[in-house]
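Given next are the chains, with one letter for each unit.
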Amino acid sequence: MPEMPEVETVRRGLIDQVKGKRITDIEIRYQNLITGDVNEFVETVKNSVIEDIGRRAKFLLIHLDNGYTIISHLRMEGKYKVSSDVNAIDKHSHAIFSLDDGQMLIYNDVRKFGRMQLWPTDRLFENKSLKKLGPEPLSDEFTFENIKPRVIKHRKDIKTVLLDQSVMSGLGNIYVDEVLWQAKIHPETPANHLTDEDIKIIIKHANDEIRLAIQSGGSTVRSYLDANGHKGNMQDRLQVYGKEGLPCPRCQTTIEKIKVGGRGTHFCPHCQVVK
Ligand SMILES: [Zn+2]
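Basis of the calculations
Residues numbered from 1 in each chain as written. Predicted model: local features only at pLDDT ≥ 70, side-chain atom pairs only at ≥ 80, totals over all residues. Heavy atoms only, no water. UniProt positions renumbered as here; feature names shortened; annotations may be inferred. Pairing = 2+ DSSP bridges. Helix = DSSP H or I, 4+ residues; strand = E, 2+ residues; numbered from the N terminus. Axes fitted to C-alpha atoms, helices over the stretch in contact; angles between N-to-C directions. Contact = heavy atoms within 4.5 Å. Domains from an automatic or database assignment. Donors = N, O, S within 2.8 Å, 3.2 Å for Na, K, Ca; no water. Phe/Tyr/Trp six-rings, centres within 6.5 Å; stacked < 30°, edge-to-face > 60°. Lys NZ or Arg CZ within 6 Å of the ring centre and 35° of its normal. Buried < 20%, exposed > 50% of the residue type's maximum accessible area, 1.4 Å probe, protein only. Polar contact = N/O pair within 3.5 Å; in protein donor to acceptor, adjacent residues only side chain to side chain.

The name an unreviewed UniProt entry assigns to the chain is Formamidopyrimidine-DNA glycosylase, from the organism Companilactobacillus versmoldensis DSM 14857 = KCTC 3814. Annotation of the chain in UniProt includes, under Sequence similarities (unreviewed entry), the sentence "Belongs to the FPG family." What UniProt states about the chain under its Subunit (unreviewed entry) heading is, verbatim, "Monomer."

Taken in spatial order, the 4 strands line up as E1-E7-E8-E6 in an open sheet, and their pairing is antiparallel. Only two strands of the sheet have a single neighbouring strand rather than two, namely strand E1 (23–28) and strand E6 (79–83). Strand-to-strand twist of the sheet, defined as the mean angle between neighbouring strand axes without regard to direction, takes the value 15 degrees. Pairing of E6 with strand E8 (residues 104–108), which is carried by 5 bridges, proceeds in the antiparallel orientation. If you follow lysine 79 over to E8, its bridge partner there is asparagine 108. Strands E6, strand E7 (93–99) and E8 of the sheet are contacted by helix H1 (residues 4–18), whose axis makes an angle of about 25 degrees with E6. Relative to the sheet, helix H2 (residues 38–45) contacts E1 and E7, its axis offset from that of E1 by approximately 165 degrees.

According to the domain assignment, the chain contains domain 1 (4–131) and domain 2 (144–267). Placing a centre on the C-alpha atoms of domain 1 and another on those of domain 2 gives a separation of 29 Å.

It is worth spelling out the coordination of the zinc ion at this point. Looking at the metal site, the zinc ion is ligated by Cys248 (SG), Cys251 (SG), Cys268 (SG) and Cys271 (SG), spaced 2.2 to 2.3 Å from it. Mapped onto the polypeptide sequence, the residues donating to the zinc ion form the spacing pattern C-x2-C-x16-C-x2-C. Of this pair, cysteine 251 sits in the loop between helix H7 (196–215) and strand E10 (256–260) while cysteine 268 sits in the segment after strand E11 (263–267), and the two are 17 residues apart along the sequence.

Once that is clear, we can look at the sheet that holds strand E2 (residues 34–35). If you walk across this open sheet you meet the 5 strands as E2-E9-E5-E4-E3, and the pairing is mixed. Either end of the sheet is taken by a strand with one partner, and the two such strands are E2 and strand E3 (50–56). In terms of strand pairing, E3 meets strand E4 (residues 59–64) through 6 bridges, oriented antiparallel. Bridging from a neighbouring strand, glycine 54 pairs with leucine 61 of E4. Contacts from H2 reach E2, E4, strand E5 (68–73) and strand E9 (115–120) within the one sheet, and its direction differs from that of E9 by about 60 degrees.

Here we take up the UniProt feature "domain: Formamidopyrimidine-DNA glycosylase catalytic" (unreviewed entry) in the chain. UniProt records the feature "domain: Formamidopyrimidine-DNA glycosylase catalytic" (unreviewed entry) at residues 2–114, using the numbering of this structure. With 20% helix and 39% strand, residues 2–114 has its two end C-alpha atoms placed 11 Å apart.

This paragraph deals with the packing of aromatic side chains. Scanning all chains against the criterion turns up 1 aromatic pair. The ring of phenylalanine 144 carries the charged tip of lysine 200 above its face, separated from the ring centre by 5.0 Å. Above the face of the tryptophan 181 ring, arginine 250 is positioned so that its terminal group lies 3.8 Å from the ring centre.

This brings us to the side chain of asparagine 207. Counting through the fold element by element, asparagine 207 comes out in helix H7. The exposure class of asparagine 207 is buried, given its relative accessible area of 16%. Setting aside anything within four residues of it in sequence, one finds asparagine 207 in contact with Pro137, Leu138 and Phe142.

Here the focus is the side chain of lysine 21. Mapped onto the elements of the fold, lysine 21 is located in the loop between H1 and E1. Engagement of the side chain of lysine 21 in a polar contact is seen with the backbone oxygen of glutamine 17, the distance being 2.7 Å. A distance of 2.8 Å separates a polar atom in the side chain of lysine 21 from a polar atom in the side chain of aspartate 101. Every residue in contact with lysine 21, bar those within four places of it in the chain, is listed here: Ser48, Val49, Ile50, Leu99, Asp100 and Asp101.

Following this line, the structure appears as C-alpha coordinates:
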(Lines give C-alpha, C1' and ligand atoms only; values in the text may rest on other atoms or scores of the structure.)
Protein backbone atom coordinates (compact mmCIF):
# COMPACT_ATOMS: atom_id res chain seq x y z
CA MET A 1 0.00 0.00 0.00
CA PRO A 2 1.43 3.42 -0.80
CA GLU A 3 2.13 5.29 2.40
CA MET A 4 1.75 9.03 2.83
CA PRO A 5 5.25 9.92 1.51
CA GLU A 6 4.54 7.95 -1.67
CA VAL A 7 1.24 9.78 -2.12
CA GLU A 8 3.09 13.07 -1.62
CA THR A 9 5.56 11.99 -4.32
CA VAL A 10 2.67 11.19 -6.66
CA ARG A 11 1.15 14.61 -5.87
CA ARG A 12 4.35 16.45 -6.76
CA GLY A 13 4.76 14.46 -9.97
CA LEU A 14 1.16 15.12 -11.03
CA ILE A 15 1.34 18.86 -10.33
CA ASP A 16 4.16 19.20 -12.83
CA GLN A 17 2.20 17.34 -15.47
CA VAL A 18 -1.45 18.31 -15.12
CA LYS A 19 -1.81 21.57 -13.17
CA GLY A 20 -3.59 24.21 -15.26
CA LYS A 21 -4.85 21.67 -17.81
CA ARG A 22 -8.51 21.46 -18.80
CA ILE A 23 -10.23 18.08 -18.59
CA THR A 24 -12.01 17.79 -21.95
CA ASP A 25 -13.46 14.32 -21.46
CA ILE A 26 -13.64 11.52 -18.89
CA GLU A 27 -14.19 7.81 -19.28
CA ILE A 28 -15.00 5.76 -16.19
CA ARG A 29 -14.48 2.09 -17.03
CA TYR A 30 -15.08 0.71 -13.54
CA GLN A 31 -18.24 2.20 -12.08
CA ASN A 32 -17.46 1.30 -8.43
CA LEU A 33 -14.34 3.48 -8.59
CA ILE A 34 -16.66 6.46 -8.09
CA THR A 35 -18.32 6.96 -4.70
CA GLY A 36 -21.64 8.58 -5.60
CA ASP A 37 -23.35 9.05 -8.97
CA VAL A 38 -21.02 8.32 -11.90
CA ASN A 39 -22.89 10.47 -14.44
CA GLU A 40 -22.93 13.41 -12.05
CA PHE A 41 -19.18 12.94 -11.50
CA VAL A 42 -18.48 12.94 -15.24
CA GLU A 43 -20.76 15.91 -15.96
CA THR A 44 -19.30 18.00 -13.13
CA VAL A 45 -15.67 17.25 -13.89
CA LYS A 46 -15.92 17.64 -17.67
CA ASN A 47 -14.55 20.97 -18.96
CA SER A 48 -13.12 21.97 -15.59
CA VAL A 49 -9.50 23.04 -15.14
CA ILE A 50 -7.19 21.31 -12.64
CA GLU A 51 -6.29 24.27 -10.43
CA ASP A 52 -4.06 22.46 -8.00
CA ILE A 53 -3.40 19.09 -6.41
CA GLY A 54 -3.35 18.90 -2.63
CA ARG A 55 -3.12 16.05 -0.17
CA ARG A 56 -4.51 15.16 3.24
CA ALA A 57 -2.81 12.09 4.75
CA LYS A 58 -3.11 9.49 1.97
CA PHE A 59 -5.89 11.25 0.07
CA LEU A 60 -4.99 13.13 -3.10
CA LEU A 61 -7.15 16.22 -3.53
CA ILE A 62 -7.55 17.24 -7.16
CA HIS A 63 -8.91 20.78 -6.93
CA LEU A 64 -10.97 21.89 -9.95
CA ASP A 65 -11.77 25.48 -10.96
CA ASN A 66 -15.54 24.88 -10.63
CA GLY A 67 -15.57 24.70 -6.84
CA TYR A 68 -15.28 20.92 -6.64
CA THR A 69 -12.45 18.63 -5.56
CA ILE A 70 -11.89 15.01 -6.56
CA ILE A 71 -10.91 13.15 -3.38
CA SER A 72 -8.80 10.24 -4.62
CA HIS A 73 -7.65 7.40 -2.37
CA LEU A 74 -5.20 5.00 -4.01
CA ARG A 75 -5.69 2.29 -1.37
CA MET A 76 -3.62 -0.82 -2.21
CA GLU A 77 -2.45 -0.44 -5.79
CA GLY A 78 -3.93 2.70 -7.33
CA LYS A 79 -1.57 4.62 -9.63
CA TYR A 80 -1.74 7.60 -11.94
CA LYS A 81 0.16 8.02 -15.16
CA VAL A 82 0.18 10.76 -17.74
CA SER A 83 0.58 9.81 -21.39
CA SER A 84 -0.51 10.77 -24.89
CA ASP A 85 -0.11 7.16 -26.07
CA VAL A 86 -3.34 5.12 -26.23
CA ASN A 87 -1.20 2.02 -25.65
CA ALA A 88 -0.71 3.29 -22.11
CA ILE A 89 -4.33 2.29 -21.48
CA ASP A 90 -4.80 -1.32 -20.40
CA LYS A 91 -7.41 -3.52 -18.71
CA HIS A 92 -6.46 -2.05 -15.33
CA SER A 93 -7.12 1.54 -16.48
CA HIS A 94 -10.38 2.44 -14.75
CA ALA A 95 -10.55 6.19 -15.31
CA ILE A 96 -9.20 8.18 -18.25
CA PHE A 97 -9.18 11.97 -18.10
CA SER A 98 -8.47 13.54 -21.51
CA LEU A 99 -6.60 16.83 -21.17
CA ASP A 100 -6.59 19.83 -23.50
CA ASP A 101 -2.90 19.39 -24.37
CA GLY A 102 -3.53 15.95 -25.93
CA GLN A 103 -2.29 14.05 -22.86
CA MET A 104 -4.37 11.67 -20.78
CA LEU A 105 -4.37 11.31 -17.01
CA ILE A 106 -4.90 7.58 -16.56
CA TYR A 107 -5.86 5.96 -13.26
CA ASN A 108 -4.77 2.32 -13.00
CA ASP A 109 -5.70 -0.03 -10.20
CA VAL A 110 -4.99 -3.76 -10.36
CA ARG A 111 -6.78 -4.51 -7.08
CA LYS A 112 -9.70 -2.09 -7.72
CA PHE A 113 -9.76 -0.91 -4.08
CA GLY A 114 -9.09 2.76 -4.85
CA ARG A 115 -11.95 5.26 -4.80
CA MET A 116 -12.73 8.76 -6.13
CA GLN A 117 -15.35 11.08 -4.74
CA LEU A 118 -16.42 14.56 -5.82
CA TRP A 119 -16.86 17.07 -3.01
CA PRO A 120 -17.35 20.86 -2.74
CA THR A 121 -13.90 22.33 -2.09
CA ASP A 122 -15.08 24.81 0.55
CA ARG A 123 -16.67 21.98 2.59
CA LEU A 124 -13.88 19.40 2.41
CA PHE A 125 -13.58 19.43 6.21
CA GLU A 126 -17.13 17.98 6.38
CA ASN A 127 -16.18 14.92 4.32
CA LYS A 128 -16.54 11.79 6.45
CA SER A 129 -13.19 10.31 5.41
CA LEU A 130 -11.22 13.52 5.85
CA LYS A 131 -12.70 14.89 9.06
CA LYS A 132 -11.77 11.87 11.19
CA LEU A 133 -8.06 12.18 10.34
CA GLY A 134 -5.70 13.17 13.15
CA PRO A 135 -2.86 15.69 12.72
CA GLU A 136 -0.15 14.62 10.29
CA PRO A 137 3.64 14.98 10.56
CA LEU A 138 5.17 18.23 9.28
CA SER A 139 1.84 20.09 9.66
CA ASP A 140 1.17 23.01 12.02
CA GLU A 141 -1.26 20.84 14.01
CA PHE A 142 1.37 18.16 14.72
CA THR A 143 2.26 19.50 18.16
CA PHE A 144 2.87 17.92 21.55
CA GLU A 145 -0.31 19.60 22.89
CA ASN A 146 -2.43 18.07 20.11
CA ILE A 147 -0.82 14.64 20.02
CA LYS A 148 -0.37 13.79 23.70
CA PRO A 149 -4.07 13.53 24.66
CA ARG A 150 -4.83 11.51 21.52
CA VAL A 151 -2.10 8.98 22.37
CA ILE A 152 -2.32 8.53 26.12
CA LYS A 153 -6.08 7.99 26.24
CA HIS A 154 -5.37 4.52 24.83
CA ARG A 155 -4.31 1.47 26.84
CA LYS A 156 -3.54 -0.49 23.68
CA ASP A 157 0.01 -0.99 22.42
CA ILE A 158 1.68 2.08 20.93
CA LYS A 159 2.19 0.36 17.55
CA THR A 160 -1.57 -0.01 17.03
CA VAL A 161 -2.25 3.49 18.37
CA LEU A 162 0.23 5.14 15.98
CA LEU A 163 -1.35 3.26 13.06
CA ASP A 164 -4.79 4.61 14.05
CA GLN A 165 -5.30 7.44 11.53
CA SER A 166 -7.61 9.29 13.94
CA VAL A 167 -4.73 9.61 16.45
CA MET A 168 -2.20 10.84 13.90
CA SER A 169 -2.53 10.43 10.16
CA GLY A 170 -0.03 9.51 7.52
CA LEU A 171 2.07 6.92 9.36
CA GLY A 172 1.64 3.40 7.97
CA ASN A 173 3.19 0.11 9.00
CA ILE A 174 6.68 0.81 7.61
CA TYR A 175 7.12 4.23 9.18
CA VAL A 176 5.63 3.30 12.56
CA ASP A 177 8.25 0.53 12.90
CA GLU A 178 10.99 2.98 11.93
CA VAL A 179 9.77 5.72 14.31
CA LEU A 180 9.53 3.35 17.30
CA TRP A 181 13.03 2.01 16.58
CA GLN A 182 14.40 5.56 16.37
CA ALA A 183 12.57 6.46 19.61
CA LYS A 184 13.80 3.24 21.34
CA ILE A 185 10.25 2.35 22.37
CA HIS A 186 9.02 -1.26 22.28
CA PRO A 187 6.00 -1.56 19.93
CA GLU A 188 3.98 -3.40 22.60
CA THR A 189 4.32 -0.61 25.19
CA PRO A 190 0.83 0.43 26.37
CA ALA A 191 0.24 3.93 24.95
CA ASN A 192 -0.85 5.30 28.35
CA HIS A 193 2.52 4.33 29.85
CA LEU A 194 4.42 6.80 27.67
CA THR A 195 5.97 9.85 29.29
CA ASP A 196 5.85 13.38 27.91
CA GLU A 197 9.45 12.85 26.82
CA ASP A 198 8.49 9.68 24.89
CA ILE A 199 5.71 11.53 23.08
CA LYS A 200 8.06 14.39 22.16
CA ILE A 201 10.58 11.90 20.81
CA ILE A 202 7.90 10.12 18.77
CA ILE A 203 6.79 13.46 17.29
CA LYS A 204 10.37 14.41 16.43
CA HIS A 205 11.10 11.09 14.72
CA ALA A 206 7.73 11.00 12.93
CA ASN A 207 8.59 14.40 11.41
CA ASP A 208 12.14 13.28 10.55
CA GLU A 209 11.04 9.97 9.00
CA ILE A 210 8.33 11.54 6.87
CA ARG A 211 10.65 14.37 5.77
CA LEU A 212 13.33 11.86 4.79
CA ALA A 213 10.83 9.60 3.06
CA ILE A 214 9.41 12.47 1.01
CA GLN A 215 12.94 13.58 0.04
CA SER A 216 13.67 10.00 -1.03
CA GLY A 217 10.51 9.77 -3.14
CA GLY A 218 8.91 7.13 -0.95
CA SER A 219 9.72 3.45 -0.69
CA THR A 220 9.21 0.61 -3.14
CA VAL A 221 8.65 -2.10 -0.58
CA ARG A 222 5.55 -2.87 -2.61
CA SER A 223 5.00 -2.32 -6.32
CA TYR A 224 4.90 1.43 -6.04
CA LEU A 225 5.90 3.89 -8.78
CA ASP A 226 5.34 7.64 -8.77
CA ALA A 227 3.38 9.52 -11.44
CA ASN A 228 6.51 9.77 -13.61
CA GLY A 229 7.26 6.05 -13.34
CA HIS A 230 10.30 6.61 -11.09
CA LYS A 231 10.96 4.28 -8.19
CA GLY A 232 11.47 5.80 -4.76
CA ASN A 233 14.61 4.85 -2.83
CA MET A 234 13.39 5.11 0.75
CA GLN A 235 13.65 1.33 1.14
CA ASP A 236 17.46 1.74 1.10
CA ARG A 237 17.21 3.93 4.19
CA LEU A 238 14.99 1.72 6.33
CA GLN A 239 16.65 0.59 9.58
CA VAL A 240 14.30 -2.13 10.90
CA TYR A 241 11.38 -2.63 8.54
CA GLY A 242 11.92 -5.87 6.62
CA LYS A 243 15.25 -6.43 8.41
CA GLU A 244 14.30 -9.40 10.62
CA GLY A 245 17.32 -11.68 11.22
CA LEU A 246 19.76 -8.84 10.48
CA PRO A 247 21.79 -6.96 13.11
CA CYS A 248 20.31 -3.79 14.61
CA PRO A 249 22.26 -0.86 13.06
CA ARG A 250 22.62 0.61 16.58
CA CYS A 251 23.53 -2.35 18.86
CA GLN A 252 24.00 -5.36 16.52
CA THR A 253 21.31 -7.42 18.33
CA THR A 254 19.28 -9.47 15.84
CA ILE A 255 16.11 -7.68 14.74
CA GLU A 256 12.94 -9.63 15.41
CA LYS A 257 9.61 -9.72 13.64
CA ILE A 258 6.46 -10.26 15.67
CA LYS A 259 2.74 -9.61 15.24
CA VAL A 260 1.34 -6.63 17.10
CA GLY A 261 -2.37 -5.92 16.66
CA GLY A 262 -2.30 -8.30 13.70
CA ARG A 263 0.41 -6.35 11.88
CA GLY A 264 3.93 -7.58 11.11
CA THR A 265 6.20 -5.57 13.39
CA HIS A 266 10.00 -5.24 13.29
CA PHE A 267 11.98 -4.18 16.35
CA CYS A 268 15.25 -4.55 18.24
CA PRO A 269 14.69 -6.51 21.49
CA HIS A 270 17.76 -4.86 23.06
CA CYS A 271 17.32 -1.16 22.40
CA GLN A 272 13.52 -1.02 22.33
CA VAL A 273 12.24 -1.69 25.86
CA VAL A 274 8.68 -1.98 27.16
CA LYS A 275 7.81 0.90 29.50
ZN1 LIG B 1 19.37 -2.39 18.91
